[in-house]
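Residues per chain are reported as follows:
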Amino acid sequence: MALNKKTEFPAPIQSFASFAKLLSHPARIAILEVLAKRQTCVCGEIVDVLPLAQSTVSQHLKELKEGGLVKGEVEGTSSCYCINWDIFNQMSDALIQSLSSIKEFQKENGSCC
């Protein structure tokens, strides 16, 4: 049985990987863009501007919500979603920090090929 070794890595690397995984689908990036432009959005409005079915948008919103990037409230038959800017900023800072540290190695060591 394979063991999950994720916890063996430093917290910034784990955070970077989680953020990258959440952004790994173009639909999720598009959803975040829609939410950022509108500040608050009902799921049906997202479906109106993206070439995706309601169920697909709902699934991606669920992933973003579980990952902490999106907050949502159910109001009757509709759901209202917005970006969780605190988490978004923390994750994007971790992403920038990780990429910057990788880039520093390139500056120090050059390219291998």
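In this text the structure is predicted, and so the values were computed from the model without any measurement.

### A closer look at the overall build of the protein
Item 1. When its secondary structure is counted, the protein shows five helices and three strands.
Item 2. Listing every helix and strand of the protein by position from the N terminus yields α-α-β-α-α-β-β-α.
Item 3. Against the 2.2 N^0.38 benchmark of 13 Å for 113 residues, the protein shows a C-alpha radius of gyration of 17 Å, more extended than a compact globule.
Item 4. Over its C-alpha atoms, taken along the principal directions, the protein stretches across nearly 55 × 35 × 25 Å.
Item 5. Per-residue burial over the protein gives 26% buried out of 113 residues.
Item 6. Once local pairs closer than 6 in sequence are excluded, the contacts in the protein between residues at least 24 apart make up 49%.
Item 7. Carbon together with sulfur atoms contributes 57% to the accessible area of the protein, which is approximately 7,800 Å² in total.
Item 8. For the protein, the separation between the mean place of its 11 positive charges and that of its 12 negative charges on side chains is 5 Å.

### Side note on the sheet that holds strand β2 (residues 70-75)
Item 1. The strand order across the open sheet built from three strands is β1-β3-β2, with neighbouring strands paired in antiparallel fashion. Unpaired on one side and paired on the other, β1 (41-42) and β2 mark the two borders of the sheet.
Item 2. Across two bridges, the pairing between β1 and strand β3 (residues 78-83) is antiparallel. The residue of β3 that forms the bridge with C41 is Y81.
Item 3. Against the sheet, helix α2 (residues 26-38) touches β1, β2 and β3, its axis set at about 85 degrees to β3.
Item 4. Against the sheet, helix α4 (residues 54-66) makes contact with β2 and β3, and its axis sits at roughly 120 degrees relative to β2, the strand it touches most.

### Looking at the pairing of β3
Sheet faces and side chains relate simply in a regular strand, where the side chains alternate between the two faces.
Item 1. Bridge count for β2 against β3 is six bridges, and the pairing is antiparallel. Residue pairing for β3: G72 is matched across the bridge by Y81.
Item 2. Hairpin remark: β2 followed by β3, antiparallel, with two residues in the connecting loop; positive phi at G76, about 65 degrees.

### Points about the state of the cysteines
Such a bond, covalent and formed between the sulfur atoms of two cysteines, is termed a disulfide.
Item 1. The tally for this structure, following the rule as stated, stands at zero disulfides.
Item 2. The structure places no disulfide on C82, whose sulfur is separated from the nearest cysteine sulfur, that of C80, by 6.7 Å.

### Thoughts on the environment of P26
Item 1. Mapped onto the fold, P26 is located in helix α2.
Item 2. Sequence separation of P26 and K103 is 77 residues, and the distance between their C-alpha atoms is 25 Å.

### Comments concerning the confidence of the model for the protein
Item 1. Overall, the prediction assigns the protein a mean pLDDT of 84, with 92% of residues at 70 or greater.
Item 2. Mean pLDDT values for the elements of the protein range from 74 in β1 up to 93 in α2.

### Observations concerning α4
The periodicity of an α-helix, 3.6 residues per turn, causes residues three or four places apart in sequence to face the same way.
Item 1. With 13 residues, α4 should cover 18 Å at 1.5 Å per step; its first-to-last C-alpha distance of 18 Å lies within 8% of that length.
Item 2. Taken together, the buried positions of α4 are occupied by V57, H60, L61 and L64. Projected onto a plane normal to the axis of α4, the buried residues spread over an arc of 105 degrees and lie on a single side. More than 90 degrees from the buried face of α4, the exposed residues found are S55 and E66.
Item 3. For α4, the secondary structure elements touched by its buried residues are α1 (11-22), α2, α3 (43-49), β2 and β3.
Item 4. Once α4 finishes, G68 follows within two positions and takes phi at roughly 90 degrees, a positive value.

Reading the values: the criteria
- Residues numbered from 1 in each chain as written.
- Predicted model: local features only at pLDDT ≥ 70, side-chain atom pairs only at ≥ 80, totals over all residues.
- Heavy atoms only, no water.
- Helix = DSSP H or I, 4+ residues; strand = E, 2+ residues; numbered from the N terminus.
- Rg over C-alpha atoms; globule rule 2.2 N^0.38 Å.
- Buried < 20%, exposed > 50% of the residue type's maximum accessible area, 1.4 Å probe, protein only.
- Contact = heavy atoms within 4.5 Å.
- Areas by Shrake-Rupley, 256 points an atom, 1.4 Å probe, with all protein chains shown as cover.
- Lys, Arg positive; Asp, Glu negative; His and termini not counted.
- Charge placed at Lys NZ, Arg CZ, Asp CG, Glu CD.
- Pairing = 2+ DSSP bridges.
- Axes fitted to C-alpha atoms, helices over the stretch in contact; angles between N-to-C directions.
- Disulfide = S-S within 2.5 Å.
- pLDDT = per-residue confidence, 0-100.
- Expected span 1.5 Å × (residues − 1).
- Arc of directions from axis to C-beta.

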